[in-house]
There are 2 protein chains.
Amino acid sequence: MTNRDAIEIFHNYLATKNLKHSEQRMSILQDFLDSGKHLTAHELFVLVQKKTPSVGFATIYRTLKLLCECGLCRELKLDDGTTRYEYQDETQHHDHLICTKCGKFVEVLDPEIERLQDKLFDAYGFLPQRHRLDLYGICKSCNK
Amino acid sequence: MTNRDAIEIFHNYLATKNLKHSEQRMSILQDFLDSGKHLTAHELFVLVQKKTPSVGFATIYRTLKLLCECGLCRELKLDDGTTRYEYQDETQHHDHLICTKCGKFVEVLDPEIERLQDKLFDAYGFLPQRHRLDLYGICKSCNK
DNA sequence: TATGAAGTTGATATTCATTATCATGATGAA
DNA sequence: TTCATCATGATAATGAATATCAACTTCATA
Ligand SMILES: [Zn+2]
Ligand SMILES: [Zn+2]
Ligand SMILES: [Zn+2]
Ligand SMILES: [Zn+2]
């Protein structure tokens, strides 16, 4: 999925909800897409401020919420209590390896784990919605 | 592991840290063990208050922190933003199936998933510390 | 069992992330 | 251009968790 696709998804979502375009929303989406990282709301705020200093903090949160609603963003509640937001490509689910020393994120996917998770849902009669798999450890460069 | 074992672990931990016994700490630990559930700090506070009304909220948090430090308690940061605390038996790790409608927790363990997780740590050169696997869905009774 | 240093407590204030409020400004269909 | 509707930034408010502090326990020692 290209950035253009993502922007179109956002536009369509706004349209179906009778919401309006705004420079702020586009500016935030652009930086969110460009960063390609797992950002905190504050980190995104700093990024956006560089180009559009007038944008307020509340609008960052408001826009992140919209992006989550239309499936472009995933909110990550981490064990250290922080919340991070990442661009989500519906077609490419992934889980995370996280270094507890330097905070590095590695995106991982094990199809077999995914399959076994579905089996667990099934075994207990649950209708699957989503899952969170975070693997916390110490990365190679921190473990010297 | 029996409750007696858990209490001894706690006592030993206090001793090694030059911390002291107190009625409040014992009262909180007792209710924590007896509940056998995934409690919020507030839910535990209510439980403890029934027997020991003088206990303050801060002491609940302080004691939960100690219990986590000595390995008797696991803190669960959930996707809905709530934090729950559960009794942790070091010898019996488990993950969670969580109903997003009624909040039901089911404890699950798939040895194969556990094994594949270790392989992921290994493949990326991470030293494993812990993981969080939460499976969110709708349970049988909520899905009628 | 009395003493006192060190740890603990409850109440309260404080912090921090997030959300709600509201007057003002922007959007876009007609 | 008009105007109903929505969006915005600033600010206040919320809620969970932590820090502060004077008064109270605990417990090793005398
Ligand atoms: Zn996954
Ligand atoms: Zn990611
Ligand atoms: Zn597990
Ligand atoms: Zn559990």
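Notes on the structure in this doc start here. Treat the numbers as computed from the prediction; the structure is a model and nothing was measured.

## Let's talk about the sheet that holds strand S5 (residues 127-138) of chain B
What the six strands build is an open sheet, ordered S5(A)-S4(A)-S6(A)-S5(B)-S3(B)-S4(B); its pairing is mixed. What marks the edges here is a single partner per strand, and that holds for strand S5 (105-108) of chain A together with strand S4 (105-108) of chain B. Between one strand axis and the next, the sheet turns by 20° as a mean value, whatever way the strands run. Sheet topology note: the strand S4 (residues 95-99) of chain A/strand S6 (residues 127-138) of chain A ladder contains four bridges and is parallel. By the bridge assignment for S6 of chain A, His-96 of chain A is matched with Asp-134 of chain A. Along the sheet, helix H5 (residues 111-123) of chain A makes contact with S4 and S6 of chain A together with strand S3 (95-99), S4 and S5 of chain B, crossing S6 of chain A at roughly 130°. Sheet contacts for helix H5 (residues 111-123) of chain B: S4, S5 and S6 of chain A together with S3 and S5 of chain B; angle to S5 of chain B, the most-contacted strand, approximately 130°.

## Points about the coordination of the zinc ion (ligand 1)
Residue and element names in this part refer to chain A. The protein atoms that coordinate the zinc ion (ligand 1) are His-93 (NE2), Asp-95 (OD), Asp-95 (OD), Glu-114 (OE) and His-131 (NE2), at distances of 1.9 to 2.5 Å. Positions of the donor residues of the zinc ion (ligand 1), expressed as sequence spacing, correspond to H-x1-D-x18-E-x16-H. With relative accessibility at 3%, the residue Asp-95 sits in the buried group.

## Remarks on the interface of chain A and chain B
Taken residue by residue, the interface counts 37 residues in chain A and 37 residues in chain B. In this structure, the connection of chain A to chain B is made through four salt bridges. A salt bridge links Asp-79 of chain A to Arg-132 of chain B; the shortest N-O distance between them is 2.2 Å. Joining chain A to chain B, the criterion identifies 14 residue pairs in polar contact (both at pLDDT 80 or more). Take the side of chain A that touches chain B: its biggest share by element is twelve residues, from S6 of chain A.

## Re the packing of helix H3 (residues 41-51) of chain B against helix H4 (residues 57-69) of chain B
Residues and elements named next belong to chain B. For the pair H3 and H4, the least separation of the axes is 10 Å and the interaxial angle reads 115°. Relative to H4, the element H3 is oriented roughly perpendicular. Considering only the axes of H3 and H4, their crossing is right-handed. For the pair formed by H3 and H4, the contact residues are Ala-41, His-42, Leu-44, Phe-45 and Val-48 on the first element and Phe-57, Ile-60, Tyr-61 and Leu-64 on the second. For the contact of H3 with H4, a count of residues per class yields eight nonpolar, one polar and no charged.

## Remarks on the pattern of salt bridges
The tally for this structure, following the rule as stated, stands at 14 salt bridges over all chains. Arg-130 of chain A is the partner of Asp-79 of chain B in a salt bridge, and the nearest nitrogen-oxygen pair spans 3.5 Å. Note that Asp-79 of chain B is positioned in the loop between strand S1 (73-77) and strand S2 (83-87) and Arg-130 of chain A in strand S6, a pairing that runs across two chains. We note a salt bridge from Asp-31 of chain B to Lys-51 of chain B, for which the minimum N-O separation is 2.8 Å. Here Asp-31 of chain B, found in helix H2 (residues 23-35), pairs with Lys-51 of chain B, found in helix H3; they are 20 residues apart in sequence, far enough to count as distant. Note on Lys-51 of chain B: relative accessible area 57%, which makes it exposed. Among the charged side chains, a salt-bridge network with shared partners connects Asp-79 of chain A together with Arg-130, Arg-132 and Asp-134 of chain B.

## Overview of H2 of chain B
Residues and elements named next belong to chain B. Helix length check: H2 (13 residues) gives 18 Å between terminal C-alpha atoms against 18 Å at 1.5 Å per residue, within 8%. Every buried residue of H2 is accounted for by Ser-27, Ile-28, Leu-29, Asp-31, Phe-32, Leu-33 and Ser-35. The secondary structure elements touched by the buried residues of H2 are helix H1 (3-16), H3, H4, S1 and S2. Note on H2: the residue one or two positions beyond its end, Gly-36, has a positive phi of about 60°.

What counts as what
Residue positions within a chain follow its written sequence, with the count starting from 1. Numbering of ligands from 1 and lettering of chains from A proceed in the order in which they are written. Two thresholds apply to this predicted model, a pLDDT of at least 70 for residue-level local features and 80 or more for giving and counting side-chain atom pairs, whereas whole-chain, interface and lining totals are computed over all residues. Heavy atoms from the whole structure form the basis of all side-chain values; hydrogens and water molecules are not counted. Being paired, for any two strands, means DSSP has found at least two bridges between them. Secondary structure counts use DSSP, requiring at least four H or I residues in a row for a helix and at least two E residues in a row for a strand, with both numbered from the N terminus. Only the stretch in contact is used when a helix axis is fitted, and all axes are lines through C-alpha atoms; the angle between N-to-C directions ranges over 0 to 180 degrees. Between two residues, a contact is recorded if the distance between any of their heavy atoms is within 4.5 Å. Only nitrogen, oxygen and sulfur atoms within 2.8 Å of the metal, or 3.2 Å for Na, K and Ca, are treated as donors, and water is left out, so sites may look incomplete. Each residue is assigned to one of three classes by its accessible area relative to the maximum for its type, calculated with a 1.4 Å probe on protein chains only: buried under 20%, partly exposed between the two thresholds, exposed over 50%. Should a side-chain nitrogen of Lys or Arg be within 4 Å of a carboxyl oxygen of Asp or Glu, the pair is scored as a salt bridge. Each polar contact in these results corresponds to two N or O atoms within 3.5 Å; when the atoms are within protein, one needs to be able to donate a hydrogen and the other to accept it, and residues that are neighboring in sequence are counted only if both atoms are side-chain atoms. These descriptions rest on fixed angle ranges, namely under 35 degrees for roughly parallel, over 145 for roughly antiparallel, 65 to 115 for roughly perpendicular, and the rest for oblique. Rotating anticlockwise by less than a right angle from the far helix to the near helix defines a left-handed crossing, while the corresponding clockwise rotation defines a right-handed one. Residue polarity follows a fixed list, in which Ala, Val, Leu, Ile, Met, Phe, Trp, Tyr, Cys and Pro are nonpolar, Asp, Glu, Lys and Arg are charged, and the others, Gly among them, are polar. What a helix should span is 1.5 Å times the count of its residues minus one.

Everything listed here is a matter of geometry and, on its own, says nothing about what the molecule does.
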